[in-house]
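Spelled out from the first residue to the last, the chains are:
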Amino acid sequence: MRLFGSAQKKSGWMCINVMPHRVDVSHVRVAGRARPEVMLCESYRKDGDDVSALKRLARVLDLDRYHCTTLLMPGQYQMVQIEAPSVPDAELKAAVRWRVKDVIDFSIDNAMLDALRIPAASSARNQQVFVVAARNDAIAAAVKPFNDADIALEVVDVPEMAQRNVAACLEEGGRALVLLAFDEHGGLLTFSCDGELYQYRRMDVSRDSLSAAHGEMRQQFYERIVLELQRSLDYFDRQFGQLVVSKVVLAPVPDAPDLQEYLASNLSVRVELLDLAQALECAQVPELREPARQQQCLQLIGAAMRAEGAAA
């Protein structure tokens, strides 16, 4: 969701995520590079309140020189899929507003919307669109600490789009890619092709629950993950049969090789482990060689991988 325009600033985007006990920051440059270059990826302990922490970061990092964005967290927004109205792109957001009023669980009169077209599966199928909706007060609450710290946010983004940006670096031209990542909120599965998001699904299995589970409990989690993947792959094939899924890529997670082996033995598609240090240029941030750090920063980095001037 774009909030403001921007003056001349440094190349790339700076994503700043305020967490309960820390502030995560990443700056990535994309334009003119064979691989996106991660210039910065740091976590700062949060001493004091959000505004105090952001003010200190603004001084240390000279944030007024950057295009700044942040991510909404699950529960702060809804993302739904509807049939796209037959209007130009410039009129899309206004046109979808009345169509989602009975789909979202809050009043459309007090909501901010953004819309992203899903590439048509075929000429016979009506084009679909993703609509991201958030309460005005949720957006205001997310933006307020930045405003109070004199940090000009240009965009508020969502994890599905951030994960799509990472997936775009892993795709094989003209073939779909599935990226599966887990964090403290649960699992997120995205289907993309040529940099476009086609499908997503959330799983009620968090990184922490996977880490804590052993024996029979871990086996049950693995079975749930496989079932969700199988259903999602089947649905994708029905909706976008002209696209071949090249592989499923599993982002770092506790005991990732074990889960990779289980997925590979139960799916008909190749399963690989993600290594951000191979997909991106990370020489400036050597700690990204560590899987645990990649796991923590995947969506943060993805949100900073926006194309300059991009609206979605």
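What counts and what doesn't
Throughout this description, residue numbers start from 1 for each chain and increase along the sequence as written. Reporting of local features is limited, given that this is a predicted model, to residues whose pLDDT is at least 70; pairs of side-chain atoms are given and counted only at 80 or more, and all residues count toward the totals for whole chains, interfaces and linings. Calculation of side-chain values draws on the structure's entire complement of heavy atoms; hydrogens and water are dropped beforehand. Numbering goes from the N terminus for both helices and strands, where a helix is a DSSP run of H or I of at least four residues and a strand is a run of E of at least two. For the exposure calls, accessible area comes from a 1.4 Å probe over protein chains only, and a residue counts as buried if that area is under 20% of its type's maximum, exposed if over 50%, partly exposed in between. Only strands that DSSP links by at least two bridges are regarded as paired with each other. Here, axes are lines fitted to C-alpha atoms. For helices the fit covers the stretch in contact, and angles between N-to-C directions go from 0 to 180 degrees. We call two residues in contact when some of their heavy atoms are within 4.5 Å. Definition used in this section: a nonpolar core is a set of buried Ala, Val, Leu, Ile, Met, Phe, Trp, Tyr and Cys residues joined via side-chain atoms within 4.5 Å. By this rule, a helix spans an expected 1.5 Å times one less than how many residues it contains. Bend, at a single residue, is the angle you get between axes fitted to the 7 residues ending at that residue and the 7 residues starting at it. Pairs of N or O atoms within 3.5 Å make up the polar contacts considered here, provided that, within protein, one atom can donate a hydrogen while the other can accept it, and that residues adjacent in sequence are counted only when both atoms are side-chain atoms.

Engineer: Would you take a moment to explain unusual backbone geometry for this structure?
Structural biologist: The phi dihedral of Asp-62 falls on the positive side, at around 55°, and the residue is not glycine. Along the chain, the position of Asp-62 falls in the loop between helix 1 (50-61) and strand 4 (67-71). The class of Asp-62 is partly exposed, set by a relative accessible area of 31%. One non-glycine residue, Asp-255, adopts positive backbone phi at about 55°. You can see Asp-255 is positioned in the loop between strand 12 (245-250) and helix 7 (256-266).

Engineer: Hey, could you run me through the sheet that holds strand 12 in this one?
Structural biologist: Backbone hydrogen bonds are what pair the strands of a sheet, in a parallel or an antiparallel way. Pairing is mixed across the open sheet formed by five strands, whose spatial order is 11-10-9-12-13. Every other strand in the sheet has two partners, leaving strand 11 (196-203) and strand 13 (271-273) as the edge strands with one partner each. For this sheet, the mean inter-axis angle between neighbouring strands, taken without regard to orientation, is 20°. As defined by bridge partners, strand 9 (residues 176-183) adjoins strand 10 (residues 186-193) across seven bridges and the pair is classed as antiparallel. Each residue of the ladder has a partner; that of Phe-182, found in strand 10, is Gly-187. Along the sheet, helix 6 (residues 215-239) contacts strand 9, strand 10, strand 11 and strand 12; its crossing angle with strand 11, the most-contacted strand, is approximately 150°.

Engineer: When you look at the nonpolar core in this model, what are you seeing that I'm missing?
Structural biologist: Across soluble globular proteins, you tend to see nonpolar side chains buried next to one another. If you look at the biggest cluster of nonpolar residues, it comprises 65 residues, and the most contacted ones within it are Ile-16, Ile-225 and Leu-229. Ranked by the residues each element gives to this core, the list is headed by helix 6, at seven residues. Not counting chain neighbours up to four residues away, the residues in contact with Ile-16 comprise Val-23, Asp-24, Val-25, Leu-54, Leu-63, Cys-68, Thr-69, Thr-70, Phe-146 and Ile-151. By size, the runner-up hydrophobic cluster in this structure holds 28 residues, among which are Ala-279, Leu-288, Ile-301 and Met-305.

Engineer: Just to check I follow, could you spell out helix 9 (residues 291-303) for this structure?
Structural biologist: An α-helix turns once per 3.6 residues; consequently, residues spaced three or four apart project the same way. With 13 residues, helix 9 extends 19 Å between its outermost C-alpha atoms, agreeing within 8% with the 18 Å of an ideal straight helix rising 1.5 Å per residue. The largest bend in helix 9 comes to about 55°, at Cys-297. In terms of residue burial, helix 9 counts as a mostly covered element, since 10 of its 13 residues are buried. Within helix 9, burial applies to Arg-293, Gln-294, Gln-295, Cys-297, Leu-298, Gln-299, Leu-300, Ile-301, Gly-302 and Ala-303.

Engineer: When you look at the side chain of Glu-160 in this model, what are you seeing that I'm missing?
Structural biologist: Summarising the element assignment, Glu-160 is placed in helix 4 (residues 159-168). A polar side-chain atom of Glu-160 sits 2.6 Å from a polar atom in the side chain of Tyr-77. When sequence neighbours within four positions are dropped, the list of residues in contact with Glu-160 reads Tyr-77, Met-79, Leu-188, Thr-190, Leu-197, Tyr-200 and Arg-202.

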